[in-house]
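Breakdown of the fold
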Amino acid sequence: MDTDLKALALVCSLKASPAESSSDLIARQILDELAGHGVTGETVRVADYDVRPGVDDDMGDGDQWPAILEKIRAVDILVLSTPTWLGNPSSIAQRVLERLDAQLSATDDEGRPAMFGKVAVVSVVGNEDGAHKIVADMFQGLNDIGFTIPAQGCTYWNNEAMNPVDYKDLDETPSAVASTITTLSSNAVHLARFLKGAQYPAVG
């Protein structure tokens, strides 16, 4: 099996390791499915790093975003996994997008935006509504930065409103979630392999 593709899951839970995290669980399920297509992957829980606010690649003073950015640059597929808080993505997910904003001015050797040719998918979990809006916001930001979004490139789980049960507390993965993870992963791999062999044209 072709194993040329690499994936990185950025887990945007507010909880640092080793606390259990629903966002981490669903991200790992996606990576497991991607592995079935020959994709090697790893997870990074962003809360484990000192990621400073700002829109530069390195904000200095111990900022650890540059280490995460190097991992992003090295992969073909980015998984952005976030919980739902007050109907919105976590503040950490928003910070990831803010830090990626600097990539708008970064280019490759032929002048293309640095993130062109990379695929991004999104997963959202929460015991409240908001997944559709979060996915829309994440997709828009990722696409602006230069990532390509595959067909049906998201998966999510929302529990009944005001119910304290989390995704990580479920006895098994709901069939609808498992199905969307399968489709998301298959389409992400298909698109990433295509782009690896047929990169976007350089502008100018």
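Residues numbered from 1 in each chain as written. Predicted model: local features only at pLDDT ≥ 70, side-chain atom pairs only at ≥ 80, totals over all residues. Heavy atoms only, no water.

**What to know about the overall build of the protein**
Along its length, the protein carries 5 helices and 6 strands. Counting from the amino terminus, helix and strand elements in the protein follow one another as β-α-β-α-β-β-α-β-α-β-α. Relative to the compact-globule value of 17 Å for 204 residues, the protein shows a C-alpha radius of gyration of 16 Å, a close match. Projecting the C-alpha coordinates of the protein onto the three principal axes gives extents of approximately 55 × 45 × 30 Å. Counting only residues that meet the buried cut, the protein has 45% of its 204 residues in that class. A total accessible area of about 9700 Å² is found for the protein, and carbon and sulfur atoms account for 52% of it. Of the charged side chains in the protein, 15 are positive and 30 negative, and the gap between their average positions amounts to 4 Å. (Helix = DSSP H or I, 4+ residues; strand = E, 2+ residues; numbered from the N terminus. Rg over C-alpha atoms; globule rule 2.2 N^0.38 Å. Buried < 20%, exposed > 50% of the residue type's maximum accessible area, 1.4 Å probe, protein only. Areas by Shrake-Rupley, 256 points an atom, 1.4 Å probe, with all protein chains shown as cover. Lys, Arg positive; Asp, Glu negative; His and termini not counted. Charge placed at Lys NZ, Arg CZ, Asp CG, Glu CD.)

**Brief notes about the packing of aromatic side chains**
Within this structure, the stated rule accounts for 2 aromatic pairs. Here the aromatic rings of Trp-157 and Tyr-167 are separated by 5.7 Å at their centres, their planes lie at 50 degrees, and the arrangement is tilted. With Trp-157 in strand S6 (residues 154-158) and Tyr-167 in the loop between S6 and helix H5 (175-197), this pair connects stretches of sequence that are 10 residues apart. With relative accessibility at 3%, the residue Tyr-167 sits in the buried group. (Phe/Tyr/Trp six-rings, centres within 6.5 Å; stacked < 30°, edge-to-face > 60°.)

**What about the nonpolar core?**
Residues Leu-10, Ile-72, Leu-80, Leu-100, Leu-142 and Phe-147 are the most contacted members of the largest nonpolar core, which totals 30 residues. Elements with a contribution of two residues or more to this core: strand S1 (6-11), helix H2 (65-73), strand S3 (77-85), helix H3 (91-100), strand S5 (119-126) and helix H4 (131-145). Per-element accounting of this core gives the leading share, 7 residues, to H4. Apart from the residues lying within four places of it in its own chain, the contact partners of Ile-72 are Leu-8, Leu-10, Trp-65, Leu-78, Leu-100, Met-115, Lys-118 and Phe-147. With 25 residues, the next largest nonpolar core counts Ile-26, Leu-31, Trp-157 and Ile-181 among its residues. (Core = buried A, V, L, I, M, F, W, Y, C linked by side-chain atoms within 4.5 Å. Contact = heavy atoms within 4.5 Å.)

**So, the packing of H2 against H3**
It is at 12 Å that the axes of H2 and H3 come closest, and there the two elements cross at 75 degrees. Here H2 is positioned roughly perpendicular relative to H3, judged by the angle of their axes. Contact with H2, carried on its side by Trp-65, Leu-69 and Ile-72, involves Val-96, Arg-99 and Leu-100 of H3 and no other residues of that element. Class assignment for the residues of the contact of H2 with H3 results in 5 nonpolar, no polar and 1 charged. (Axes fitted to C-alpha atoms, helices over the stretch in contact; angles between N-to-C directions. Parallel < 35°, antiparallel > 145°, perpendicular 65-115°, else oblique. Nonpolar A, V, L, I, M, F, W, Y, C, P; charged D, E, K, R; others polar.)

**Re the pattern of salt bridges**
For the structure on display, the rule yields 14 salt bridges. Across the pair Asp-61 and Arg-52 runs a salt bridge, and its minimum N-O distance is 3.3 Å. A residue is classified by how much of its surface remains accessible, and Arg-52, at 23% relative accessible area, is partly exposed. Salt-bridge contacts for Arg-112 lead to Glu-110; the nearest nitrogen and oxygen are separated by 3.5 Å. (Salt bridge = Lys/Arg side-chain N within 4 Å of Asp/Glu carboxyl O.)

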